[in-house]
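As a plain string of letters, each chain reads:
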Amino acid sequence: MNVLNLLVVTNTASDAAVPAPALSYSLTSTVVGTNQPVINATNGVITWTPDVTQAGSSNVLTTVVTAGGVPALSATNRFAVVVNPLPVLGSVVAANGGFLLTWYAPTNDIFEVQFTD
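Residues numbered from 1 in each chain as written. Predicted model: local features only at pLDDT ≥ 70, side-chain atom pairs only at ≥ 80, totals over all residues. Heavy atoms only, no water.

1. Regarding unusual backbone geometry
Reasoning step 1: Following Val18, the chain continues to Pro19 via a peptide bond in cis, the omega torsion being -5 degrees.
Reasoning step 2: Inspection of the secondary structure assignment puts Pro19 in the loop between strand S1 (7–10) and strand S2 (23–29).
Reasoning step 3: Note the cis peptide between Val70 and Pro71, where omega equals 0 degrees.
Reasoning step 4: Within the secondary structure, Pro71 sits in the loop between strand S5 (58–67) and strand S6 (73–82).
Reasoning step 5: Here Asn96, not a glycine, exhibits a phi torsion of approximately 55 degrees, which is positive.
Reasoning step 6: You can call Asn96 exposed: its relative accessible area is 86%. (Helix = DSSP H or I, 4+ residues; strand = E, 2+ residues; numbered from the N terminus. Buried < 20%, exposed > 50% of the residue type's maximum accessible area, 1.4 Å probe, protein only.)

2. Here's the deal with the side chain of Ser57
Reasoning step 1: Looking at where Ser57 falls in the secondary structure, it is placed in the loop between strand S4 (45–48) and S5.
Reasoning step 2: Look past the residues within four positions of Ser57 in its chain and what remains in contact with it is Val81, Val82 and Val83. (Contact = heavy atoms within 4.5 Å.)

3. Some points on the nonpolar core
Reasoning step 1: If you look at the biggest cluster of nonpolar residues, it comprises 9 residues: Val3, Leu7, Val9, Val31, Ile46, Trp48, Leu61, Val81 and Val83.
Reasoning step 2: Those elements that place two or more of their residues in this core are S1 and S4.
Reasoning step 3: When near neighbours in sequence (up to four residues on either side) are disregarded, Leu7 contacts Met1, Ile46, Thr47, Trp48 and Val81. (Core = buried A, V, L, I, M, F, W, Y, C linked by side-chain atoms within 4.5 Å.)

4. With respect to the pairing of S6
Reasoning step 1: Bridge analysis of S5 against S6 gives 10 bridges, and the strand direction is antiparallel. Residue pairing across strands places Val60 opposite Ala80, the latter belonging to S6.
Reasoning step 2: Hairpin connection of S5 to S6: 5 residues between the antiparallel strands. (Pairing = 2+ DSSP bridges.)

Now the structure itself:
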């Protein structure tokens, strides 16, 4: 995923017991920094918008859903989220009244160059 893009992951779980016990969700992650993913404890929806300091990182998110019955049952799910690196300016060459910019970035991204004289 790209920096500053919203990630939404919906976890779903069920328990066939009658009556169905309440389910609660928790999240741990390897995400570094103060901008952490969050999970809704009652429906399992995870949201996260990586910031610029998290560009180029590989992260593992682990969710645990626990059923409040007896015995208490749980299930664990792990998945990886890779935050793409930011583009790196390779060179700027002035020639014939213009400039040639070379940069390195993930494929299929769209970039806009703005110039102010």
